[in-house]
Amino acid sequence: MKALAILLSSVLALSWSPATLAEEDGADLCSDPGVVFVFFNGVQTTLRGANYAKAEFHRLFGETSPAGETIKYEVLYNYSEGFEDFVETFEQRLKEQEGILEGRFELFFEALRGGGPWWDQMQRVTSSAASVLVGLVEWYEAETLNNLTTLVGNPPTSANYAEHRARIENWTLEGKKLLFVAHSQGNLFANAAYDFALTKVSSDSVKVVHIAPAAPTLRGPHTLADLDLVINGLRPFGTVAPVTDSIPGYLDRPPGVTGHKDILGHGLLEIYMNEGLAVSERVFGHVVSALNTLVAPEAQAVPGFITATLTWDGAGDVDLHTLEPTGAHVFFANPAGHSGYLDVDNIVGLGPEHYYASCDPNHLRLGEYRFAIANYDRAEGRTATVQIASWNEGVLGTRSVVLGGATEEYPAYLMFNVRVFQDDTGELRTEVW
Amino acid sequence: MQRTHEATKKRRDSLPLQAPPHIPRTLALSVALALALLAAACSRAESETIEELEASGAVPKLDRTDSLTGTDADQNGVRDDIDAFITREYPLEPQRKAALQTARALQKTLLVEPGDVQSAKAAAREDARACNCVYRQFPSGGTKEAAQVGSELESLTANTKQRLLALLRTSKTLDGTSWALPTGDTCE
């Protein structure tokens, strides 16, 4: 079997063009974050909303921790089930009042916040716009409460969030301090993530900051506004954290950075990160306090320009194989390649195994990397998961496979192809398939 | 770090720790409704129409054709109506280019096949790069906050039922995934 693996490696090497990276004065290609600021988004957040929330945290807390470490901002994203159903109701509501607003879906996101500049303009020319809007907001509040209550009753499971767990596994392996900041229903996911992280590191190395928590239990300090109609609306259905702050009524609130106020008093950027509202100071204080007290866990692996992390769900010996652009085959029997290293190997069970491609421009090779796995022994029927990440863009992909019989050194499962290339501006980028 | 724990503690000490009585939602919303209606009635210009608002630029005049991508005559990856909005709103070249990059990234999110996680992740990363660029070009306290630029462009992109549903489908495909905010100059 070992001979087959070497043969495969040789054949692949022959079929690839030799690839080199332009020399760059020995500068490090990556910035190694000591702290990962992990955002768990709230209810009804689109991918764009998640990106802008991260960017707002970055704007407010910067790239350097009190200890002088680089902070990296990532999202562990969740989608609100039933969000798309809101579109149908929105369409129906727009048809009311003689249909003057019919088909104007650009008003959708403003409507979820209780209005905005475009709704204001509509109200200038038609009084019916105001009643349509209020009808929408009342309906939206009720539906959001309904969806949140359902989620609280059926919290997320590990099976649904394998990518989140694999990412946490990678962070703890590389010795990162972890700050989990969760808004709204994201708190349910943050709690699960925190409990999982504690199986890897101590509570000194991972902290949670809860914002408007929809979760009945907490893992850290929280902030909740008295006029948050969404979270306080959950009280009749179960345990809700106590109110910590008062906020002004809707008409007296300054808009947040989105230009909106949020009539429901629940928005992350409109309420809890609104620097014009005192409630934001509590959130910021919790974040700063956590950053000041986090302790780095012991690193077991080295971060890289790209990394691959392999885990599996039980005993047995599963192996990570990397075929580098030069044809070098990196695995337990040959842990040092031309571009990177297999720096964590596991022969007992669960994993992890970890490969990193160097951030040193003198070592990193451009071209295609192939990541494959093998059931070396005793892992038949196990689910094995490989996650590929880049230092700057986070997780590029996560895939799982149920392993068949042992193949020893032969990597029977090709999991990912990753191309490292230089774009028109000279920036090193990655592409995965 | 731009914030100090001391400043925050001072503020926190001055905040009430006990919750004031919760105001029933129906009352809060009813008050808001009444005031909104009053405000609308007071400022209403009955002679104006929505079409006139569009013509004046008070609200954007948008492409409502059936396709996801709409009309893009110059094939720059941005719908022509959004192109026109950006040109009007952002005369400064770096800001205009950042807004165009965002609009292009958002448009790509509409074209992800449902359930295609790898394509959805690529779209999310591209939007994150554009977002990072917008924050570089729209510093806080300027004519418009970066967050407002992003939310406006999302609303413009998702201006029909078909487009809005496509945008939400891509977000749904990303459920349970993770990605980072890139650092450095990600402007195109």
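Here the structure is a predicted model, which means the values were calculated and not measured.

Section: the overall build of chain A
- From N to C terminus, chain A includes 11 helices and 15 strands.
- Out of the 433 residues belonging to chain A, those deemed buried represent 64%.
- For chain A, long-range pairs separated by at least 24 residues make up 67% of all intrachain contacts whose partners lie at least 6 apart in sequence.
- Split by element, the accessible area of chain A, about 14,500 Å² in all, is 51% carbon and sulfur.

Focus on the overall build of chain B
- Looking only at helices and strands, chain B has eight helices and one strand in total.
- When the helices and strands of chain B are placed in sequence order, the string is α-α-α-α-α-α-α-α-β.
- Burial status across chain B gives 46% buried among its 188 residues.
- Sequence separation of at least 24 residues holds for 68% of the intrachain contacts in chain B that already meet a minimum separation of 6.
- If you sum the accessible surface of chain B, you get close to 8,600 Å²; carbon and sulfur atoms cover 55% of it.

A look at the pattern of salt bridges
All names here are of chain A.
- Here the structure, examined in full by the defined rule, presents 33 salt bridges over all chains.
- Among the salt bridges present, the one from Glu69 reaches Lys177, with a minimum N-O distance of 2.8 Å. In this pair, Glu69 sits in the loop between α2 (47–61) and β2 (71–76) while Lys177 sits in strand β3 (residues 177–183), placing the two residues 108 residues apart along the sequence.
- Of the residues examined, Lys177 reaches a relative accessible area of 8% and is grouped as buried.
- The closest approach of N and O atoms between Glu174 and Lys176, which form a salt bridge, is 3.8 Å.

Some remarks on the confidence of the model for chain A
- Across chain A, the average pLDDT comes to 90, with 93% of residues at 70 or higher.
- Every residue in residues 1–18 of chain A is under pLDDT 50, and counting partners more than four places away or in other chains gives 27 contacts.

Regarding the sheet that holds strand β4 (residues 206–211) of chain A
- Pairing is mixed in the open sheet, where six strands are placed in the order β5(A)-β4(A)-β3(A)-β1(A)-β2(A)-β1(B). One side of each edge strand has no neighbouring strand; the edge strands of this open sheet are β5 (222–223) of chain A together with β1 (178–180) of chain B.
- The pairing of β3 of chain A with β4 of chain A spans six bridges and is classified as parallel. When the bridges of β4 of chain A are listed, His183 of chain A appears paired with Ile211 of chain A.
- Packing of α2 of chain A onto the sheet brings it into contact with β1 (35–40), β2, β3 and β4 of chain A together with β1 of chain B, and relative to β2 of chain A it is tilted by some 155°.
- Along the sheet, helix α7 (residues 162–173) of chain A contacts β1, β2 and β3 of chain A together with β1 of chain B; its crossing angle with β2 of chain A, the most-contacted strand, is approximately 160°.

The rules behind the values
Residues numbered from 1 in each chain as written. Chains lettered and ligands numbered in written order. Predicted model: local features only at pLDDT ≥ 70, side-chain atom pairs only at ≥ 80, totals over all residues. Heavy atoms only, no water. Helix = DSSP H or I, 4+ residues; strand = E, 2+ residues; numbered from the N terminus. Buried < 20%, exposed > 50% of the residue type's maximum accessible area, 1.4 Å probe, protein only. Contact = heavy atoms within 4.5 Å. Areas by Shrake-Rupley, 256 points an atom, 1.4 Å probe, with all protein chains shown as cover. Salt bridge = Lys/Arg side-chain N within 4 Å of Asp/Glu carboxyl O. pLDDT = per-residue confidence, 0-100. Pairing = 2+ DSSP bridges. Axes fitted to C-alpha atoms, helices over the stretch in contact; angles between N-to-C directions.

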